[in-house]
Amino acid sequence: MTDSGSGSTALRSAYLASLRRSDEGRSLRLAGWIHRRRDLGGLLFFDLRDRSGLLQVSIGPDWTDPESLEIANTCGHEDVVRVEGEVVVRPEANPEMATGEIELRATKVERLSAADTPAIPVYRGPEDELPSEELRLRHRVLDLRRPELQANLALRHRLVLATRVYLDRIGFTEIETPILTKPTPEGARDFVVPSSVHPGEFFALPQSPQIYKQILMVAGFDRYFQIARCFRDEALRADRQLEFTQIDVEASFVGVEDILGWMEGLMVELAQVGGIPAPQPFPRMTWDEAMDRFGSDRPDLRWDIEIADWTEALRDIDFRVTKSAVEAGGRIRGFRFEGGATLSRKQIEAVEEHAKKAGAPGLLWAKRTDEGGSGPLSRFLDESHWAALGAQPGDLLLAAAGPDAMTSPALDAVRAAAIEALGIPKVQDHSWLWVTDFPVFETAEDGSLASNHHPFVHPRAEFVDTIQDDPLAARGDAYDLVYNGTELGSGSIRIHDPALQRRIFRLLGLDDDEIDRKFGFLLTALAAGAPPHGGVAFGMDRIVQRFADAPSLRDVVAFPKTTAARALFEGAPVRLADADLEALGLVVAAPSEGDA
């Protein structure tokens, strides 16, 4: 009989890191990988590693049998071995190891598996740098042996388990929805899957279970959740993957307060698992307020730096840039950084580059000095302007002028860059925030209407009757959860009236034929008698990344894709053989010159 919790199996007695000084004198059989070996001429030491941690193993002619001694001398890094012996107290403890007070004095050594010379090192000293990420992803099986990555994936397991336990406790039922589904527009390209049974027809991999979970509400399941795999064919970055996992939740006969209350409770439990403070209640801020104060719908409140509106204070200055912006209906907004005049012109220009990358033509700046001021904006400021802006000698002013749609993202970027450049201390280490009342629509690049979240968001009651005439003014019962400037999840109350849902689709430019073709099955379900319902989806990958303080999502996913959308370890994607394509009824066009 084995005890998997302690690590006891047919081949070993315990997990390595479970052993302590109290185990002195025990005869044990242990197994793992050779993490590091040291040959002291007659005495050989292995740092043996399993998923729990490390334990030193000592091998010597006085206590190890001759055959095992010979085997041990030929063992190398990452060989898999089994050792038998007695736990003894080390002559000199190693405080950097949890098992640093003891070692296993091995009487027998058995090599279970020999390893090729590792392509990348698994052992790293405190001063060693990691190999390049591309090299680590090509040799992911070795990279995954790193304790940091194993700890991240163990944390992920505990968070998923805690999610299931919590949602079950408050009455939610886990239901799986299809992976092979119908292509539906949700803001990114679908991954499509050809059907050999129906040549020329395609399934799509789901971007989310959104429509299915709404249909489950119409079917009467009342409270649903799923740890859902989702797929989006889009450009990658540090916080995005082609395939991802989300905590998907939906409930019936609910309002915004129900969803936020339940999900805040979930986050408190997950934060406890991750060792993250999450004091309730979480602050709340409307989308309009967040954009006005921070220029972002996911503000990082670890710093209390806020945008100031200087339109009235600077309306009369004789500066063409600000005059034309205000006359066109825009605003002059910016930041006053106390003591920020210590930044050099070169450093300010580096901050300005962030504003330009975010869409602003440039940045207006001025330093307040004892003699007056310096910088392009300072030439237009007199004493009354400095006073109106609250600027004291030594302060730095950074501003942008124009429509909010342009200045808000620019000032958000300036805020982050200036905080880093000035080394401004945080006012808190962990900031939680609900951002609510998002716009129902936004303007797409071609000037048409697009959904801000998705087309299923229910407009707030006061906008239902006016949304046709002024759609951009409409706000919805939609909400995001933000942690330290990262959106962890997004949700809304859904449209349950098929007539209103059709109106929203029409505003998005879909005609009735297209609506019925793409969303007819949803409208049919809603027409069967749909309860008011709503939900939310949290990115599990992002939650683990933030709680583990990992630099990338690739550090919390077992087998991630690169930013070039490739799986380097297994070598995917690949071109199919002509015979395979023919069986699917597919012909692949030759790539154009611009395609890689």
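Everything below is about the structure shown above.
Residues numbered from 1 in each chain as written. Predicted model: local features only at pLDDT ≥ 70, side-chain atom pairs only at ≥ 80, totals over all residues. Heavy atoms only, no water.

**A short note on the pairing of strand 10 (residues 243–252)**
The condition is simple: Buried means the residue's accessible area, taken with a 1.4 Å probe over protein chains only, is under 20% of the maximum for its type, while exposed means over 50%, and partly exposed covers the values in between. By the criteria applied, helices consist of DSSP H or I runs no shorter than four residues and strands consist of E runs no shorter than two, each listed in order from the N terminus. We call two strands paired when DSSP finds no fewer than two bridges between them.
Summarising burial for strand 10: nine of the 10 residues are buried, a large majority. Inspection of the sheet shows strand 9 (residues 223–231) paired to strand 10 by nine bridges, in the antiparallel sense. Bridge assignment links Cys230 to a residue of strand 10, and that residue is Phe244. As defined by bridge partners, strand 10 adjoins strand 22 (residues 533–539) across seven bridges and the pair is classed as antiparallel. Note that in strand 22 the partner of Asp248 across the bridge is Ala537.

**Comments concerning the pattern of salt bridges**
Quick note on the threshold: In what follows, salt bridge is the name for a side-chain nitrogen of Lys or Arg lying within 4 Å of a carboxyl oxygen of Asp or Glu.
Counted under the stated rule, the structure contains 48 salt bridges. For Asp300, the salt bridge is made with Arg302, and the minimal N-O distance between the two is 2.7 Å. When its relative accessible area of 13% is taken as the criterion, Asp300 is described as buried. Two residues, Arg331 and Asp309, come together in a salt bridge whose shortest N-O distance is 3.1 Å. With Arg331 in strand 13 (residues 331–337) and Asp309 in strand 12 (residues 308–309), this residue pair connects regions lying 22 residues apart in the sequence. You can call Asp309 partly exposed: its relative accessible area is 42%. Linked by salt bridges that have partners in common, Arg136, Arg140, Asp143, Arg146 and Glu148 make up one network.

**So, a nonpolar patch on the surface**
What counts, and what does not: Patches here: salt-bridge-free residues with over 30% relative accessible area, like charges joined within 9 Å, nonpolar side chains (Val, Leu, Ile, Met, Phe, Trp, Tyr) joined within 5 Å. Per-residue and other accessible areas follow the Shrake-Rupley method at a 1.4 Å probe size, with only the shown protein chains counted as cover for residues.
A cluster of nonpolar side chains, namely Val141, Phe559 and Phe569, defines an oily patch on the protein surface of about 280 Å² accessible area. With respect to the helices, strands and loops of the structure, Phe569 is situated in the loop between helix 15 (540–548) and helix 16 (578–584).

**Considerations on the sheet that holds strand 1 (residues 27–39)**
The test is simple: Fitted lines through C-alpha atoms give the axes, limited to the stretch in contact for helices. The angle between two N-to-C directions lies from 0 to 180 degrees.
Strand order in the closed barrel made by the five strands is 1-2-3-5-4, with mixed pairing throughout. Averaged over all adjacent pairs, the angle separating strand axes in this sheet is 55°, with direction ignored. Pairing analysis gives six bridges linking strand 1 to strand 2 (residues 44–50), with the strands arranged antiparallel. What sits directly across from Trp33, in strand 2, is Arg49.

**What to know about the nonpolar core**
Put simply, the rule reads: In this text, buried Ala, Val, Leu, Ile, Met, Phe, Trp, Tyr and Cys residues form a nonpolar core when linked through side-chain atoms within 4.5 Å. Contacts: residue pairs with any heavy atoms within 4.5 Å of one another.
Core analysis: the biggest nonpolar cluster contains 41 residues, and Ile247, Met263, Trp432, Phe538 and Phe547 have the highest contact counts within it. Here this core takes eight residues from helix 6 (residues 256–274), the largest share from any one element. When near neighbours in sequence (up to four residues on either side) are disregarded, Phe547 contacts Leu155, Leu159, Leu270, Ala271, Gly274, Ile276, Trp432 and Tyr483. Membership of the second largest hydrophobic core comes to 23 residues, among which are Ala474, Leu507, Ile515 and Phe519.

**What to know about the sheet that holds strand 21 (residues 486–493)**
Sheets are built from strands that pair by backbone hydrogen bonding, the pairs being arranged parallel or antiparallel. The eight strands are arranged 6-9-10-22-21-20-17-11 in an open sheet whose pairing can be described as mixed. Here the strands that pair on one side only, and so sit at the sheet edges, are strand 6 (173–174) and strand 11 (284–286). Both strand 21 and strand 22 contribute to a ladder of five bridges, which runs antiparallel. Bridge pairing in strand 22 places Ile493 opposite Gly534. Sheet strands in contact with helix 7 (residues 287–294) are strand 11 and strand 17 (432–436), and its direction is about 90° off that of strand 11.

**Overview of the environment of Phe456**
Residue placement: Phe456 occurs in the loop between strand 19 (449–451) and strand 20 (478–483). Considering only alpha carbons, one finds Phe456 and Gln214, 242 residues apart in sequence, at a separation of 9.6 Å. In this view, Phe456 contacts Gln210, Ile211, Gln214, Ile493, Arg494, Ile495, Gln501, Phe505, Phe519 and Leu522; residues no more than four positions away in its chain are not counted.

**Comments concerning the pairing of strand 4 (residues 80–89)**
The element strand 4 is extensively covered by neighbouring structure, given that seven of its 10 residues are classed as buried. With seven bridges connecting them, strand 1 and strand 4 associate as antiparallel partners. Bridge pairing links Gly32 to Val81 in strand 4. Bridge count between strand 4 and strand 5 (residues 102–113): 10 bridges; the pairing is antiparallel. The partner of Glu86 across the bridge, within strand 5, is Arg105.

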